[in-house]
Every structure is written in C-alpha cells, then in structure tokens.
Amino acid sequence: CYGHHQQALCGPNECETSIMTIQQPATTTDINVNANEQPDEPDEPNEPRGAANTSVKTKPKWWKQKSRRRGTKSQRRVLNRMMEHGTVIPKLPPYGTFFDLDALFLTPETNTNTNTNTNTHSLDTDDLTDPSTTVGRTTDHKKNLTVEIGFGDGSNLLACAQKYPERRFIGVDVYQPGVCAALSAIETALEDEDDAAIREAEQPQQTDPSQRQAETVTVSNSPPTATATKTVRAYQNVRIYGGDGIKLLRSLPSGSVSTVLITFPDPFPNAGDEDCRIVQHETLVDIERVLNPKTGVFLLATDAVCFDDWTRLLLNQSNSVKQLANTCDKGAATTDGCRLWEEVAPRSRDEWLPVVSKYEEKGIREGRQTHLQCWKLCERGTN
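If you're wondering where the values come from, they're calculated on a predicted model, not measured in any experiment.

K.L.:
Can you walk me through the overall build of the protein chain in this structure?
P.N.:
Within the protein chain, the secondary structure is distributed over 13 helices and eleven strands. Burial analysis of the protein chain (383 residues in total) assigns 44% to the buried set. Considering only contacts within the protein chain whose residues lie at least 6 apart along the sequence, 80% involve residues at least 24 apart. Carbon together with sulfur atoms contributes 49% to the accessible area of the protein chain, which is approximately 19900 Å² in total.

K.L.:
Quick question: what am I supposed to make of the side chain of Glu187 here?
P.N.:
Mapping Glu187 onto the fold places it in helix α7 (residues 176-202). In contact with Glu187, other than residues within four places in its own chain, are Val78, Arg81 and Met82.

K.L.:
Got a minute to help me understand the nonpolar core in this structure?
P.N.:
Most often, soluble globular proteins keep nonpolar side chains buried together rather than apart. Judged by nonpolar contacts, the single largest core of 35 residues is most densely connected at Val147, Ile170, Leu248, Leu252 and Phe298. Ignoring sequence-local partners within four residues, the contact set of Ile170 consists of Ile89, Leu104, Phe105, Leu145, Thr146, Val147, Glu148, Leu157, Arg239, Leu248 and Leu252. Formed by 22 residues, the second largest nonpolar core is a distinct cluster that contains Leu158, Cys180, Ala234 and Tyr235.

K.L.:
I tried to follow the packing of aromatic side chains on my own but got confused; where do I start?
P.N.:
Aromatic ring pairs: the centre-centre distance and the angle between the two ring planes describe each pair. Evaluation of the coordinates by the stated rule reveals two aromatic pairs. Aromatic side chains Phe298 and Trp341 sit 6.4 Å apart centroid to centroid with 65 degrees between the ring planes, which places their arrangement in the edge-to-face category. A residue pair is termed long-range when its members are at least 10 positions apart, and Phe298 in strand β9 (residues 297-302) and Trp341 in strand β10 (residues 339-344) qualify at 43 residues. Assessed through its relative accessible area of 0%, Phe298 is described here as buried.

K.L.:
What exactly am I supposed to notice about the pairing of strand β7 (residues 238-241) here?
P.N.:
When a strand is regular, its side chains alternate between the sheet's two faces. The two faces of β7 match: Val238 and Ile240 on one face and Arg239 and Tyr241 on the other face are all buried. Where strand β6 (residues 168-172) meets β7, four bridges bridge the pair, whose relative direction is parallel. The partner of Ile170 across the bridge, within β7, is Arg239.

Conventions adopted
- Residues numbered from 1 in each chain as written.
- Predicted model: local features only at pLDDT ≥ 70, side-chain atom pairs only at ≥ 80, totals over all residues.
- Heavy atoms only, no water.
- Helix = DSSP H or I, 4+ residues; strand = E, 2+ residues; numbered from the N terminus.
- Buried < 20%, exposed > 50% of the residue type's maximum accessible area, 1.4 Å probe, protein only.
- Contact = heavy atoms within 4.5 Å.
- Areas by Shrake-Rupley, 256 points an atom, 1.4 Å probe, with all protein chains shown as cover.
- Core = buried A, V, L, I, M, F, W, Y, C linked by side-chain atoms within 4.5 Å.
- Phe/Tyr/Trp six-rings, centres within 6.5 Å; stacked < 30°, edge-to-face > 60°.
- Pairing = 2+ DSSP bridges.

What follows is the structure in structure tokens.
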C-alpha cells in the first residue's frame, strides 16, 4: 500500500543511500497483474532492518477491497495478450537492481536479445556513495521519462503518450479494471493500425502510365536506403505496471525520470487517516532520487484541499529538515549545498494533464476546484 513508513526523512548527504537500506523481499511482484490467479492482499509496509515493530497505520478495509478488485474475464484476457506484447511490466526487478530502461521499452518485434536478464542491472554498494558513478543512472537526457502514479482508466496517460511520441511513459495503478481499460485502448489502437495497413495493401495500384513512369524514375534515382523506413506502432512508448507505484519508483535508476505525476490520489480526508496518503516523507525521498537533478519536476493534481495542504506541508518540512542537517554539518546556519524543493508556477495543463477525467468532472459538478502543484529541486550554490 501507499502508506509506507520504512524510514525516516534523511539528510542531504543521505538521500541517495538511505532508500536502499530498506529490507525488501528478494523478488517483488505486482499486486493485480496476474490474471490467472486470485490477487493477494496488498503488501503491508516493511520495517527497516533492526527497527522495532511499532504500530503502523494500515489502509482501510474498503481501500483494500478496491485495490484487490479484478477485471472481467475479457479484460484479463487483454491483460495477458498485452503482457506478451511487452506493454505490461509483469514484475519488479529483485532488490538491489534497477530497470534497464532501454531494454524495458523494447518490444518483442525489436528485441532480438535472448538474455532474460537484460531488463535489470545490479547495484554495487560503492555506487550508492559515489555521486560520479553512472551505474543506475540515465546518461541520455534526451529520453524523457514520465511516471504517472494512479492513472485511473489511462486516458490522460495515453493522450500524453500520443502527443509526445518521442518521450517515454510508465503508468502505475493498483486498480486492475483501470489497468485493463488502458491496455484495451492500446490494443484497439494497434488493431486499427493493422486494419488500416491491410486496407492500404488491398487498394488497387494506379493505372495512369504517366504516374507509373514518374514513380519508376523517382525510385531509380533514390539511394537504396531511402525506401527503408521504421514503423513506430501506437503507444510503443508506454509501459504499464499494475501494482504499487512507490515500489516501482524504487526500481528505477537514479536521475532517470523527468516528471513524476500524481493525479487525483485518494485524499483520505478523515482524521487519523493521513498516514494512508500516498505522499509521505519517504515518498518524497524516493521521488527526489529518481528525478533528473537538472530538469526533473514533481507534478500534483488534486481537488481535495486537505491533500493539497498536506503535500505542501510535507515538502516544506522536508526543506526544513535538510537545512537543519546542513547547519549541523557546517556549524552555521546556511543553505549552501542543499537540494531544496521549490514550488514553481504549474506548467500548462495541455502539456501534462490534457484530459478532464470523469472523477474531475464529478468534482467540478459538486463544486470542488482542481489544485495544481509543480515542484522542482534547486541546489543552493556556495558563495
């Protein structure tokens, strides 16, 4: 579940290393992705090694029932077909390894490597403390990766993926019917492409002799490689994981994500349920680790005032803890060398939230206003 309590908020020099000290199973599978088996109950938060077994707030019963809800038989068949296609992320890599993003976004049609371990790479403990290492980091910053946590039926995720085919998108959600709805839309788009290709191939060739002559001349004067074109299938830049979004963040290389997007998460408005909200101090540590240190942003959309205030409060508290730790290290009150969260003006909705979901429409009818937040990390330079 999203209410993790594995670790305390770390200082500025520990953000890169502390997240990997959490005890996790040797292998982690998703919650609802297996269509042939009864889904297990979502994992409860793990405790750090050596930590006392303290009381941890668990998700309410209604939330667990919703997260365990399975799709229909036809939806689960779509899930299996798209898993074979490569659109579905079936499970997370073992603890201590990260996804190889280039291998993750290969399709069965283009992946000719028979090594089944190409989607992960191991993490050496020395790499955690060496900021100059390239292990676990994306070196090609042109490959923008957006991670949307809680994408609902996937309408916004797919709209952005279609609008920006040069970018990569990973969508995460624990609700299997929503996951299957997004996969069904992708499969339909692929089928439409195939039907269009068949109709185009069945069209009769042009019978005008002048046109055939012009085409022959054009082909003869073209270099041999001019006719070779690479077909990009619909939503080839999308991968979907049906499980815990925070666990997926911990499986991504450091600095590999350009945008972390959380859209209309469950606000848990009742008093005492704050610890169940997806945004917690440890969640911010995970987001900070995976974000590109220069261009990465954290975007939030919610129509719950309590969740809007909660997120802003935690981000400001995170800055305060970092400043205090930095002051203790340097013996003076200073922010030099701190990577602090800074709220900036939200980007245009057309760039990251072009779709008004059914949930948002319902909130608008009920008089709720959509609140948008945009945060980036700024490192304070030394004088």
